[in-house]
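Close look at the chain arrangement
Here's the letter readout for the chains.
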Amino acid sequence: MKKTILLIALVLSGLTIQAQDNWGIIGGNNWLNGWSSFNPVGKDYPQTTKILTGNISSDLTLTNLETYSLVGEVYVTNNATLKIEPGTVIRASSDQFSALIITKGSKIVAEGQVINPVVFTSDKPVNARKAGDWGGIFILGNAPINTFGSMSRIESGIPSNFVVGGGDNAADNSGVMKNVRIEFAGKGKDRYSVYDALTLVGVGSASTFESIQISMSNGNAFKFIGGSPKASKLVSYRCKNSDFEFTQGVVAKVNNGLAIRNPYFSASSNYRAATIDAFVNKDLTDFSKPVTNVSLDNFTIVNESDGKVADGLVKEAIYINKDCIFDFKNSVVTGFSSALFLDGKIPIEEEGLSKIKLKRIFINNCKKNIVSENGGVTNDDLESYYGNPAYGNRYSSTKSEDLFVDANNPKTPDFRIKIGSIN
């Protein structure tokens with residue numbers, strides 16, 4: 001009898017978890033606990049004890065017994081592996097353009113722990129840090145890019161043979177990033193430019209990207225240029241440009257993603273939680289190669305102002321360009337001017353819309369739901385198409401406090417869906 005009761009209890013427990021995690025980010029508990037930080041400006045970090053600079057051409061381990069100062073462009077070459085122990089803090093110099101570049105063939109293994117994450121942050125003191133204090137992290141892999149020659153070049157002052165990513169190995173392995181925070185990146189090389197916090201160029205599917213939080217980037221948070229990356233538990237917090245940008249024939253699969261946008265931290269125009277783009281440079285693009293193909297599953301995309309800010313500050317959540325394939329499912333978008341904004345060149349008919357799959361999307365408290373740039377097409381046309389019961393999409397106007405478990409927790413918010421808040 002006791003075994004029967006225990007079995008019933010376990011089944012009911014499983015059903016409860018499933019009900020709670022049915023939309024948006026999923027998990028039996030709040031997977032942000034421990035490794036994340038939602039007050040990076042006020043976080044106290046130890047003083048630096050060792051300088052990291054120049055060319056790393058042989059295997060190197062950064063130990064958590066030191067706090068490192070990343071000075072200038074530090075690049076890992078010669079098929080070397082840069083290993084970073086759990087709990088290690090790397091503070092990048094804000095006096096110059098500082099960045100970490102993992103060149104093609106080399107690897108990064110930054111495998112933090114839930115209670116001991118690896119942290120890349122600014123060298124500035126508490127309450128003085130800001131977006132764009134330092135450059136960011138570039139990982140250059142050997143997976144295909146839909147450019148001529150299957151390569152993409154990053155802007156850098158280091159030797160030209162070290163700044164190219166891309167190749168012919170879709171299963172290429174550029175290493176591991178797990179339980180990692182990247183804060184205050186996005187500094188450009190001059191006053192008019194910005195960089196992205198984490199740029200993946202031609203990174204292959206054997207690489208591991210899990211539990212990574214990017215906070216207050218001056219550029220994009222995550223940028224995917226070509227390659228075939230797989231990732232999970234990615235978080236973007238109060239970044240200026242797009243939280244996730246996919247381009248140049250990337251074939252990406254990302255699940256359990258969280259984008260928290262705030263209009264007072266966002267740049268003024270053309271930046272979204274996710275931008276699905278066909279190319280960076282049209283002249284360099286080989287259109288005979290596969291197009292950008294992105295799959296996002298169990299995403300939660302939140303505007304912290306809950307849609308109560310002037311239209312000029314609250315942009316669309318997701319922008320989808322022509323000639324891209326986008327598969328978006330089991331996700332929540334809340335508080336934006338519009339949830340999805342389609343390029344005006346996308347045909348609003350089966351030919352165009354069949355490439356944009358929306359299944360079980362909960363669009364909440366958005367002024368418009370699904371919109372096209374094409375002035376001759378109304379919002380109703382798209383809502384009718386994606387409102388087909390077979391897709392399971394829903395529209396609502398629920399307050400964030402009633403939708404999420406504990407979105408306003410200042411230490412570690414919980415953006416999982418409350419049981420019963422989506423009927």
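Here the structure is a predicted model, which is why all the values come from computation and not from measurement.

1. So, the overall build of the protein chain
The helix and strand inventory of the protein chain stands at four helices and 28 strands. Its C-alpha atoms give the protein chain a radius of gyration of 21 Å, within 12% of the compact-globule value 22 Å for 423 residues. For the protein chain, the spread of C-alpha atoms along the three principal axes comes to 60 × 55 × 45 Å. Taken over 423 residues, the protein chain has a buried fraction of 56%. Sequence-distant contacts in the protein chain: of pairs separated by 6 or more residues, those separated by 24 or more amount to 70%. Accessible surface, the protein chain: about 17700 Å² in total, of which carbon and sulfur atoms supply 50%. Separation of charge centres in the protein chain, based on 43 positive and 41 negative side chains, amounts to 4 Å.

2. Some thoughts on the pairing of strand β17 (residues 244-247)
Going residue by residue along β17, you find Phe244 and Phe246 tucked away on one face and Glu245 and Thr247 tucked away on the opposite face as well. The sheet contact formed by strand β15 (residues 222-225) and β17 spans four bridges and is parallel. Across the sheet, Lys223 pairs through a bridge with Glu245, a residue of β17. Judged from the three bridges that link them, β17 and strand β19 (residues 274-276) form a sheet pairing that is parallel. Residue pairing in the sheet places Glu245 in a bridge with Thr275 of β19.

3. Remarks on unusual backbone geometry
Even without being a glycine, Ser211 presents a positive backbone phi close to 55 degrees. Inspection of the secondary structure puts Ser211 in strand β14 (residues 208-215). Located in the positive-phi region is Arg238, a residue other than glycine, with phi close to 50 degrees. Following the sequence through the fold, Arg238 ends up in the loop between β16 (230-237) and β17.

4. Regarding the pairing of strand β12 (residues 175-183)
Burial within β12 is extensive, with eight of its nine residues counted as buried. Here strand β8 (residues 118-122) pairs with β12 via three bridges, running parallel. Within β12, the position partnered with Val118 by the bridge is Val180. Relative to β14, β12 runs parallel, the two sharing seven bridges. Paired with Val180 across the bridge in β14 is Ile212.

5. A closer look at the packing of aromatic side chains
Tallied over the full model, the rule gives 15 aromatic pairs. Between the aromatic rings of Tyr319 and Phe341, the centroid separation amounts to 6.1 Å while the plane-to-plane angle is 45 degrees, which identifies the pairing as tilted. Of the two residues, Tyr319 is situated in strand β21 (residues 318-320) and Phe341 in strand β23 (residues 338-342); the sequence distance between them amounts to 22 residues. For the pair shown, Tyr319 and Phe341 are each scored as buried. With centroids separated by 6.0 Å and ring planes inclined at 35 degrees, the aromatic side chains of Tyr385 and Tyr391 adopt a geometry described as tilted. One aromatic cluster is present, built from ring pairs that chain together Phe97, Phe138 and Tyr195. In this structure, Arg272 packs its charged tip against the face of Tyr319, placed 4.3 Å from the ring centre.

6. Considering the pattern of salt bridges
A complete count under the given rule lists ten salt bridges for this structure. Here Lys189 makes a salt bridge to Glu73, at a shortest N to O gap of 3.5 Å. Here Lys189, found in the loop between β12 and β13 (198-201), pairs with Glu73, found in strand β3 (residues 67-76); they are 116 residues apart in sequence, far enough to count as distant. Given the relative accessible area of 17%, Glu73 is considered buried. The partner of Glu183 in a salt bridge is Arg181, with the nearest N and O atoms 3.0 Å apart. The exposure class of Glu183 is buried, given its relative accessible area of 0%. For Arg181, a relative accessible area of 4% corresponds to the buried category. Connected through salt bridges with shared partners, the residues Lys124, Lys130 and Asp133 form a single ionic network.

7. Some details on the nonpolar core
Within the largest apolar cluster, 73 residues are counted, with the highest numbers of intra-cluster contacts made by Ile182 and Phe326. Ignoring any residue separated from it by four or fewer positions in sequence, one finds Phe326 in contact with Ile276, Val294, Leu296, Ile318, Ile320, Leu340, Lys355, Ile356, Lys357 and Leu358. Formed by 19 residues, the second largest nonpolar core is a distinct cluster that contains Trp23, Phe38, Val235 and Val302.

8. Thoughts on the confidence of the model for the protein chain
When pLDDT is low, close inspection of the predicted coordinates is not appropriate. For the protein chain, per-residue confidence averages 91 on the pLDDT scale, and residues scoring 70 or more make up 91% of the total. The low-confidence segment residues 1-21, where pLDDT is below 50, has eleven contacts with residues more than four positions distant or belonging to other chains.

9. Description of the side chain of Ser93
With respect to the element layout, Ser93 can be found in the loop between β5 (89-92) and β6 (99-102). Within the structure, the side chain of Ser93 is placed 3.3 Å from the backbone nitrogen of Asp95, a separation counted as a polar contact. Apart from residues no more than four positions distant in its own chain, Ser93 is found in contact with Leu70, Val71, Ser98, Asp123, Asp133 and Trp134.

10. Description of the side chain of Asp133
With respect to the element layout, Asp133 can be found in the loop between β8 and β9 (136-140). Accessibility expressed as a relative area gives 2% for Asp133, which makes it buried. Polar side-chain contacts of Asp133 include one of 2.8 Å to the side chain of Ser122. Of the polar contacts made by the side chain of Asp133, one reaches the backbone nitrogen of Lys130; its length is 3.1 Å.

About the cut-offs
- Residues numbered from 1 in each chain as written.
- Predicted model: local features only at pLDDT ≥ 70, side-chain atom pairs only at ≥ 80, totals over all residues.
- Heavy atoms only, no water.
- Helix = DSSP H or I, 4+ residues; strand = E, 2+ residues; numbered from the N terminus.
- Rg over C-alpha atoms; globule rule 2.2 N^0.38 Å.
- Buried < 20%, exposed > 50% of the residue type's maximum accessible area, 1.4 Å probe, protein only.
- Contact = heavy atoms within 4.5 Å.
- Areas by Shrake-Rupley, 256 points an atom, 1.4 Å probe, with all protein chains shown as cover.
- Lys, Arg positive; Asp, Glu negative; His and termini not counted.
- Charge placed at Lys NZ, Arg CZ, Asp CG, Glu CD.
- Pairing = 2+ DSSP bridges.
- Phe/Tyr/Trp six-rings, centres within 6.5 Å; stacked < 30°, edge-to-face > 60°.
- Lys NZ or Arg CZ within 6 Å of the ring centre and 35° of its normal.
- Salt bridge = Lys/Arg side-chain N within 4 Å of Asp/Glu carboxyl O.
- Core = buried A, V, L, I, M, F, W, Y, C linked by side-chain atoms within 4.5 Å.
- pLDDT = per-residue confidence, 0-100.
- Polar contact = N/O pair within 3.5 Å; in protein donor to acceptor, adjacent residues only side chain to side chain.

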